[in-house]
Amino acid sequence: MFAPAGMKRTRNIAIAVAFTLWFGVTGCVHVAPWERGNLAKPQMDIDPNPLQTEMQSHNYSSREAAPSHKSSAGGGGCGCY
Amino acid sequence: MQQNKRPRFQGSKQRYNPPESHSVKPSSHTLQALTSAALMLPGLLISPGHAAVTDRINFQYSRYQEGERNLYGVPHSYKPISADVLHGSGIFSLTDRAKFTFGYTQDTWSGATPVSTTPLATSGGNRPYTVNGVVAGASPLLRSSILLDHDLNPIGRDPITKQSTGVVDTRSVLVMSSASPETRRQANFGLSYEWNEAALNVGGGFSRERDYHSSFGSIGGRLDFNQKLTSVKFGGGYTDSQVSAILDPDSSPYITKTAYAQQIVNRRGSEILKGDRQDWVANTGLTQVLSKNALIDASIGYTHSNGFLENPYKATSVIFIDPADLNKNVIRGDVRALIEQRPNIRNQVALSTKYVHYISPFNAAMHLGYRLSVDDWGVNTHTFDASWVQPLGGGWTLTPRIRYYSQDAASFYRPYLFSQQNYINQAVDSFGRQIWIDKKDPTVQYYGSDQFNLVDQSGNAVDAFSVDAQPKLTLFDAGKLPAHFSSDHRLAGFGSLSGGVVLSKILGKGVALEAGFEYYTRASSMQIGGGGNNSFADFDYYVANAAIKFDIEPVSSMPIATSGGSSAAHTHSSLHHHKIPPATVMFGHMLDKPGDFMAGYRFMYQWTGGHMMHGAHKVSDQTIVDQGCGNKDCQFAPQFMDMRMHMVDLMYAPTKWLNVMLMPTFMDMDMNLRQLAGARVDASGAHGHHGAAGHESGAVGDTYFSSLIKLLDIPGHRMHVNLGFSAPTGKTDIKIRRSFNADGGLIHFGMQLGSGTWDFTPSLTYLGEYSRWSWGTQISGIKRMEDRNQSGYRLGDMFQATGWGGLDLTRWLTASVRGVYTWQDAIHRDFNQYNARIGPMDFPRNYGGQFWDMGFGVNAQIPGGRFAGNRLGIEWVQPIRSDFNGYQLDRQGMLSATWSYQF
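Asks: Give a description of the overall build of chain B that names residues and reports values.
Replies: Along its length, chain B carries 3 helices and 49 strands. For chain B, with 903 residues in total, the buried portion stands at 42%. Sequence separation of 24 or more characterises 69% of the internal contacts of chain B that already satisfy a separation of 6 or more.

Put into structure tokens, the structure is as follows:
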């Protein structure tokens with residue numbers, strides 16, 4: 001068993017949305033390198049405060065049942081308390 | 001910072017640059033055009049959203065503090081869960097394109113944690129206990145009874161007196177149990193490589209706790225397309241974990257573990273539940289620039305877990321009801337606690353999206369995120385979060401953040417279960433006859449409905465008076481219970497709302513400070529699509545943290561024009577650094593130039609073990625039993641004790657003759673006790689059964705701050721005085737958990753984390769050098785400035801004198817030999833709260849003494865190359881002679897390691 005039907009459907013929708021979004025935007029976006037000043041600012045980082053994110057996600061994952069936000073990094077220990 | 005020297009990184013992520021320095025000034029149009037032209041070269045374009053990280057080192061401390069759980073007015077002395085977390089991490093360039101990352105995290109938690117959930121109406125749960133007739137606290141009672149009406153609704157009892165109220169009461173309550181401090185350590189390492197339009201990284205690490213070991217590895221990468229307007233990311237990871245849960249000896253006898261009988265082993269008097277689990281993760285995502293002011297990041301991740309996915313410390317209450325009682329008006333239920341049973345497989349899929357928009361009028365960025373996850377346990381989650389990153393000028397940035405989370409309950413979550421069978425039944429054979437066994441010979445069985453009407457295996461009647469028959473008992477039929485059940489409130493349906501702020505400040509010179517605060521509240525009523533009906537498990541917490549980040553420029557990122565000669569240029573400056581004293585010597589050198597800043601990290605590991613000593617001699621166990629604990633018998637002595645201290649050194653030179661220093665510390669210790677030969681152990685003693693558990697403590701220690709004043713600075717000779725103080729930020733009221741109906745009391749003096757008093761810590765240092773030789777001497781002391789700390793005692797004063805000589809082995813490496821004399825006074829006064837007084841370490845006079853040591857060390861000052869300017873030191877301090885006050889465990893030595901970097 002891999003996943004229940006409902007889960008599969010949700011995932012298919014998600015993938016469809018992601019691809020539509022991608023093809024939708026990549027086709028028409030042109031931002032020249034000299035127009036990327038704002039994008040290069042530290043506040044525009046996808047994760048502007050990595051130390052905070054790491055700690056928050058450790059706390060959330062020890063208190064909530066969602067998969068860990070940084071799941072590919074591994075670790076985290078038991079969090080059995 | 002160095003922005004003006006580094007044209008190739010114009011417009012890239014210099015996190016410590018004041019953000020407004022990126023904004024375009026009208027006067028710099030020409031520069032901008034040139035820079036933009038340069039940015040056309042693919043290798044110099046940065047990937048939006050992915051910071052081009054510079055070499056750096058981070059230190060972070062955070063404190064997690066939960067609020068009280070709702071025990072419906074039962075008086076208790078449980079401390080809510082708290083955790084102290086220390087984190088250090090760094091990124092170093094190995095080449096222009098390859099980077100090495102490392103991280104170390106250590107957290108120590110303590111407090112009371114839920115072990116189970118029961119109806120509030122049971123006779124057990126959180127059972128108040130009295131001391132001298134007064135209710136002093138509550139202890140978990142997992143095996144109890146309950147009265148139910150004919151619809152199986154619980155009939156209420158007063159939570160304190162446990163007297164029946166006669167009214168239906170359907171409320172549930174968490175059953176709490178306290179824990180002594182426990183420490184987890186995690187280390188991770190990574191390597192990454194950047195191409196012009198791609199990146200690859202591999203990483204791995206491990207996490208260690210007494211009861212949980214895990215190792216993990218990961219690989220990931222990024223591909224940039226479309227002139228870096230699009231980046232695709234992918235990654236995968238694997239974690240292997242081994243659980244060896246030390247079952248709480250207090251509650252274990254009352255928890256049913258039959259489902260795990262094969263996995264439980266006995267070691268040194270403790271029951272240990274063993275299990276393995278594996279987690280595989282894979283994820284892929286993309287980052288897309290939408291406009292010159294917006295980008296979006298989306299990813300999908302899949303996690304597969306299998307093996308022992310339970311939390312071994314959580315039990316589910318099962319109310320067993322005799323089927324014969326079902327027609328009664330009042331039914332008596334037998335409440336038992338069973339270790340939870342989760343499925344052995346879990347598949348989770350998570351979809352995350354994040355939208356980042358630049359808000360021009362404010363020079364701010366708005367971050368909006370949404371995350372959906374679904375899994376085959378039925379836990380579907382939604383997370384919404386929003387933050388606003390607002391640069392304020394002057395290097396300040398303020399980031400408020402809000403988050404909402406909701407999850408559905410796992411399909412097998414139940415606060416508690418009913419089972420219409422007896423917990424214990426008399427065994428029945430295939431003919432439906434009750435089975436009896438002979439007390440004298442358990443292999444002989446009899447059959448029949450009552451003791452005086454039995455037949456043997458051949459069907460012959462048995463004389464009831466000649467055999468001693470007793471019922472053969474069997475436990476409940478596990479097949480009648482659900483295959484999976486858990487009452488861990490993390491698998492319940494609930495929602496949570498949290499919010500906080502992060503404030504950061506760039507100090508210049510590559511140093512940045514960051515502080516964050518978050519408040520989190522969980523409520524079952526906040527679940528999307530209806531209340532989770534488990535408000536009894538609601539709680540809240542806050543997290544406060546502070547971090548310091550050092551930006552270290554590798555030599556290769558010096559201006560391109562000088563890259564050929566940069567190494568020489570740096571060597572030139574580092575030649576003017578004076579020799580530094582051996583690693584253990586604190587406050588041993590000063591910065592020379594006004595405005596200089598030094599950041600460092602100091603680690604000390606102190607190891608005691610071996611024989612118990614009295615004065616300068618070994619002492620027998622019997623002598624300790626008789627004399628080590630005053631007019632009581634000693635029962636235990638320490639077997640070993642490890643103390644580790646992590647210290648962040650921050651030093652600044654406002655003028656040439658004055659330096660100021662700030663040194664926060666973080667301590668952790670662990671200790672194992674052994675029973676003394678010949679000791680009469682009090683069965684109710686707090687330590688009686690703690691064989692495999694030992695003690696740990698760890699958190700913030702005392703904070704040192706001082707000013708160093710230069711007295712003499714002539715070629716070859718320098719002298720300075722240090723006027724320092726230590727602030728009592730380390731705790732002195734750490735307790736051992738209550739067990740076996742006895743309070744643990746305060747943990748031993750030596751395991752407390754600080755002095756608890758304001759202390760004066762002066763020192764006088766002389767340093768000399770000539771050619772390849774260097775030498776020095778220091779006298780230092782600690783004078784406690786208060787009579788007692790909040791726990792009633794004060795540590796002894798200390799005096800130390802040391803002298804050393806060093807020889808340069810190479811241009812950058814110095815070896816040193818050092819002699820040390822230390823006098824430390826015994827502890828004064830005593831605990832003003834209960835302490836179990838089970839061994840010599842619980843008596844003030846068994847502390848301090850006179851000590852003679854030799855130190856052997858090396859110091860390295862990296863003169864050139866990529867790591868120029870870094871200084872490293874390591875020293876082993878070997879005890880030569882000790883004259884202990886009273887009865888103490890022998891000293892084995894101390895290791896010190898330091899790293900420092902001057903800006």
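Structure shown, so let's carry the discussion forward.
Asks: Got a sec to walk through the confidence of the model for chain B? Specific residues and values, please.
Replies: All names here are of chain B. The share of residues in chain B with pLDDT of 70 or more is 90%, and the mean pLDDT across the chain is 86. For chain B, per-element mean pLDDT is lowest for helix α2 (residues 566-574), which scores 40, and highest for strand β22 (residues 396-407), which scores 97. When the criterion is pLDDT under 50, residues 555-575 qualifies, and its contacts beyond four places in sequence or with other chains add up to 28 contacts. Scored below 50 in pLDDT, residues 684-692 shows 27 contacts in the model against residues more than four places distant or in partner chains.

Asks: Which residues make up the domain arrangement of chain B, and what are the values?
Replies: Considered domain by domain, chain B is made up of domain 1 (1-46), domain 2 (47-113 + 179-414 + 485-551), domain 3 (433-470) and domain 4 (558-902). Placing the centre of domain 2 of chain B and that of domain 3 of chain B at their C-alpha centroids yields a distance of 58 Å.

Asks: So, unusual backbone geometry: which residues are in play, and what are the values?
Replies: Positive phi, normally seen in glycine, also occurs at Lys162(B), with a value near 65 degrees. Overall, the presence of 16 C-beta atoms within 10 Å leaves Lys162(B) in the partly exposed class.

Asks: Explain the environment of Asp743(B) residue by residue, including any values.
Replies: Residues and elements named next belong to chain B. Relative to the helices and strands, Asp 743 is located in the loop between β39 (717-727) and β40 (759-760). Owing to 19 C-beta atoms within 10 Å, Asp 743 belongs among the partly exposed residues under this scheme. Each C-alpha atom, one on Asp 743 and one on His 304, is 43 Å from the other, the two residues being 439 residues apart in sequence. Residues within four places of Asp 743 in sequence aside, it is in contact with Arg 738 and Tyr 834.

Asks: Please give an account of the pairing of β22(B) that cites residues and values.
Replies: All names here are of chain B. For strand β21 (residues 381-393) and β22, the ladder comprises 10 bridges, and the chain directions are antiparallel. Note on β22: the bridge partner recorded for Thr 381 is Gln 407. A loop of 2 residues connects β21 with β22, the two strands running antiparallel in sequence, and Gly 394 in this loop sits at a positive phi of about 65 degrees. Pairing geometry for β22 and strand β29 (residues 494-508), over 12 bridges, is antiparallel. Residue pairing in the sheet places Trp 396 in a bridge with Lys 505 of β29.

Asks: I'd like a description of the sheet that holds strand β25 (residues 435-438) of chain B, backed by residues and values.
Replies: Hydrogen bonds between backbone atoms are what pair the strands of a sheet, whose relative direction is either parallel or antiparallel. Residues and elements named next belong to chain B. With antiparallel pairing, 3 strands are arranged side by side in an open sheet as β26-β25-β27. Either end of the sheet is taken by a strand with one partner, and the two such strands are β26 (445-447) and β27 (469-471). For this sheet, the mean inter-axis angle between neighbouring strands, taken without regard to orientation, is 40 degrees. Where β25 and β26 come together, 3 bridges link them in antiparallel fashion. Along β26, the bridge assignment pairs Ile 437 with Gln 445.

Asks: Describe the nonpolar core, listing the residues and the values that go with them.
Replies: Note on soluble globular proteins: their nonpolar side chains tend to be buried together. If you look at the biggest cluster of nonpolar residues, it comprises 98 residues, and the most contacted ones within it are Ile319(B), Ala410(B), Leu491(B), Ile624(B), Cys634(B), Ala637(B) and Leu676(B). Composition of this core by domain shows at least three residues from each of domain 2 (47-113 + 179-414 + 485-551) and domain 4 (558-902) of chain B. Other than its neighbours up to four places away in sequence, Ala637(B) contacts Met612(B), Ile624(B), Leu673(B), Arg674(B), Leu676(B), Gly839(B) and Pro840(B). Counting residues in each nonpolar core, the second largest holds 17 residues, with Met44(A), Val356(B), Ala365(B) and Val389(B) among its members.

Asks: Mind laying out helix α2 (residues 50-63) of chain A, listing which residues take part and the relevant values?
Replies: One turn of the α-helix equals 3.6 residues, which is why residues spaced by three or four share an orientation. All names here are of chain A. Between its first and last C-alpha, α2 extends 20 Å over 14 residues, near the 20 Å set by a 1.5 Å rise per residue. Taken together, the buried positions of α2 are Leu 51, Gln 52, Met 55, Gln 56, His 58, Ser 62 and Arg 63. Looking straight down α2, one finds that the buried residues subtend no more than 155 degrees of arc, so they occupy a single side.

Asks: Now, about the environment of Phe102(B): what can you tell me, with residues and values included?
Replies: Along the chain, Phe102(B) turns up in strand β3 (residues 98-119). In this structure the C-alpha to C-alpha distance between Phe102(B) and Asn188(B), which are 86 residues apart in sequence, comes to 5.6 Å.

Calculation criteria
Residues numbered from 1 in each chain as written. Chains lettered and ligands numbered in written order. Predicted model: local features only at pLDDT ≥ 70, side-chain atom pairs only at ≥ 80, totals over all residues. Helix = DSSP H or I, 4+ residues; strand = E, 2+ residues; numbered from the N terminus. Buried ≥ 20, exposed ≤ 12 C-beta atoms within 10 Å, placed from the backbone. Contact = placed C-beta atoms within 7 Å. pLDDT = per-residue confidence, 0-100. Domains from an automatic or database assignment. Pairing = 2+ DSSP bridges. Axes fitted to C-alpha atoms, helices over the stretch in contact; angles between N-to-C directions. Core = buried A, V, L, I, M, F, W, Y, C linked by C-beta atoms within 7 Å. Expected span 1.5 Å × (residues − 1). Arc of directions from axis to C-beta.

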